[in-house]
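Chain by chain, the residues:
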Amino acid sequence: MTTGEQHTAAAFRSAVRDGRLDLPLPGGGRTAERWRRLVELGRADPALARLGEGHADALAILAELGAAIDPGWRREPWGVWAAAPASVTASRDGSRWRLTGDRPWCSGAGLLSRALVTAVAADEVRLFAIDVGAAGVTPLAGTWPAVGMAASDSRTVRFDGVTAVPVGGPGGYTARPGFWHGGLGVAACWYGGAVGIADTLHVAARRRDLGPHAMAHLGAVDVALTAARAVLFAAADEVDANPTGDADRLAHRVRATVEATATTVVDRVGRALGAGPLCQDADHARRVADLTVYVRQSHAEADLAHLGELVTAEGDPGW
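In short, a report on the structure. (Residues numbered from 1 in each chain as written. Predicted model: local features only at pLDDT ≥ 70, side-chain atom pairs only at ≥ 80, totals over all residues. Heavy atoms only, no water.)

Re the side chain of His252
By the element assignment, His252 lies in helix α7 (residues 248–273). With residues near it in sequence (within four places) discarded, His252 still touches Trp180, Asp303, His306 and Leu307. (Helix = DSSP H or I, 4+ residues; strand = E, 2+ residues; numbered from the N terminus. Contact = heavy atoms within 4.5 Å.)

Overview of the pairing of strand β2 (residues 88–93)
Pairing geometry for β2 and strand β3 (residues 96–106), over six bridges, is antiparallel. Each residue of the ladder has a partner; that of Arg92, found in β3, is Trp97. In this antiparallel pair of consecutive strands, β2 and β3, the connection spans two residues, and Gly94 shows a positive phi of 70°. (Pairing = 2+ DSSP bridges.)

Let's talk about the packing of helix α1 (residues 3–17) against helix α3 (residues 46–64)
The geometry of α1 relative to α3 is characterised by a closest axis approach of 9 Å and an angle of 30° between their N-to-C directions. Considered as vectors, α1 and α3 are oriented roughly parallel to each other. Between α1 and α3 lies a crossing whose hand is right-handed. Contact residues: Thr8, Ala11, Phe12 and Val16 in α1; Ala47, Leu48, Leu51, Gly52 and His55 in α3. (Axes fitted to C-alpha atoms, helices over the stretch in contact; angles between N-to-C directions. Parallel < 35°, antiparallel > 145°, perpendicular 65-115°, else oblique. Left-handed = near helix turned anticlockwise from the far one by under 90°.)

Considering the pairing of β3
Put simply, side chains in a regular strand alternate between the two faces of the sheet. Strand direction decides the pairing type here: β3 and strand β7 (residues 155–166), joined by eight bridges, are antiparallel. Within β7, the position partnered with Trp97 by the bridge is Ala164.

Regarding the nonpolar core
With 78 residues, the main nonpolar core has Trp35, Trp81, Leu99, Ile130, Phe159 and Leu232 as its most contacted residues. In terms of residues, this core owes the most to one element, helix α5 (residues 178–207), which gives 14 residues. Each residue touching Leu232, except ones within four places of it in the same chain, is listed here: Trp35, Val39, Leu184, Ala187, Ala188, Tyr191 and Val254. Core analysis: the second largest hydrophobic core is formed by 12 residues, Ala58, Trp78, Val80 and Ala82 among them. (Core = buried A, V, L, I, M, F, W, Y, C linked by side-chain atoms within 4.5 Å. Buried < 20%, exposed > 50% of the residue type's maximum accessible area, 1.4 Å probe, protein only.)

Quick word on the packing of aromatic side chains
The relative placement of two aromatic rings is captured by the distance of their centres and the angle of their planes. Summed over the entire model, instances satisfying the criterion amount to seven aromatic pairs. Ring geometry for Trp97 and Phe128: centres 5.3 Å apart, planes at 55°, overall tilted. With Trp97 in strand β3 and Phe128 in strand β5 (residues 125–131), this residue pair connects regions lying 31 residues apart in the sequence. Exposure remark for Trp97: the relative accessible area of 7% places this residue in the buried category. Judged by its relative accessible area of 0%, Phe128 falls in the buried class. Considering the side-chain rings of Tyr173 and Phe179, the 5.4 Å spacing of their centres and the 85° angle between planes classify their relative orientation as edge-to-face. (Phe/Tyr/Trp six-rings, centres within 6.5 Å; stacked < 30°, edge-to-face > 60°.)

Observations concerning α1
Between its first and last C-alpha atoms α1 spans 21 Å; for 15 residues at 1.5 Å apiece the expected length is 21 Å, and the two agree. Taken residue by residue, α1 has Glu5, Thr8, Ala9, Phe12, Ser14, Ala15 and Val16 as its buried positions. Looking at the buried positions of α1, the neighbouring elements they touch are α3, β1 (78–81) and α9 (282–294). Once α1 ends, the next one or two residues include Gly19, with phi positive near 80°. (Expected span 1.5 Å × (residues − 1).)

Focus on unusual backbone geometry
Across residues other than glycine, the phi torsion is negative in most instances, and most of the peptide bonds are trans. Residue Asp153 is not a glycine yet carries a positive backbone phi of 50°. Counting through the fold element by element, Asp153 comes out in the loop between β6 (137–139) and β7. A positive phi angle, close to 50°, is found at Ala300, a residue other than glycine. Structurally, Ala300 can be placed in the loop between α9 and α10 (301–313).

Focus on the pattern of salt bridges
This model, assessed by the stated rule, comprises 15 salt bridges. In this structure, the salt-bridge partner of Arg296 is Glu259, at a minimum N-O distance of 2.7 Å. Of this pair, Arg296 sits in the loop between α9 and α10 while Glu259 sits in helix α7, and the two are 37 residues apart along the sequence. With a relative accessible area of 15%, Glu259 lands in the buried category. The network of salt bridges with shared partners includes Arg30, Glu33 and Arg37. (Salt bridge = Lys/Arg side-chain N within 4 Å of Asp/Glu carboxyl O.)

Focus on the state of the cysteines
Think of a disulfide as a covalent bridge from one cysteine sulfur atom to another cysteine sulfur atom. Considering all chains together, one arrives at zero disulfides under this definition. Cys106 forms no disulfide, and the closest cysteine sulfur to it belongs to Cys189, at a distance of 18 Å. Overall, Cys106 belongs to the buried group, its relative accessible area being 0%. (Disulfide = S-S within 2.5 Å.)

A look at α7
End to end, α7 covers 38 Å across 26 residues, agreeing with the expected 38 Å (1.5 Å per residue, within 8%). Just downstream of α7, Gly274 is the residue with a positive phi angle, here 75°.

The structure is reproduced here in structure tokens:
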């Protein structure tokens, strides 16, 4: 691990241990507070936000699906490894379930104690809790050569007959209202990451005369961030007002807004300041690399097409 990666890992473990990632549950009346704290994580370190959001999301999922867990497990680092569900299968072994397969995109592969994992069972996709240190769980070396999000320790993890505990029923992971609430929490992290990058331009503008073109970029960054923040936190109020409602359209709208803002911020800060910060400021360069990878959790035009279908189906878009 590099020094930066070690710092992120230590900060994540410390935040879990001290209870700083015991965030208010989404839809419980304090969703804005939950997202403010995720924004703060993203602003400080996008990789830390990725890990912290995964831990907080896992606890929210367990609560929503009524899973009984040892209270001490809240002080152990959790994650959610739910990408590419078909990559892992679940089969019964007497009264037990066992998972087999290779799961990509597992953030915190070498940092977590426990994880929620999706897998294809005979009846549908199910969600399971596993002990990451159990026999048969192997994070594979060399499966994340990327610079961006290196500190999140995202790797492919191999499951070889791993004992797993079912959480909720068949299809319960995606069918619950909180599925989209979790997607909105990710957008809060993206927004925080964009603010952290914008901070570099703001600090530079206060220290020296950057000229009118850079100031125009700063103005545009201010407009984009202010608009995205308004959309993000208006959505928090909507979630609290209707915690069991279908938040599919809301999540796609907000995520697309924040993704576009993050892209604008990265581009305009780079155009305003040139290559200097990217080459000479290690923290800034890492934030840009991390956020560039992080926002690709969005499915870009595929998500926009889905949003367009939702708008069409609703008749009155409510504009």
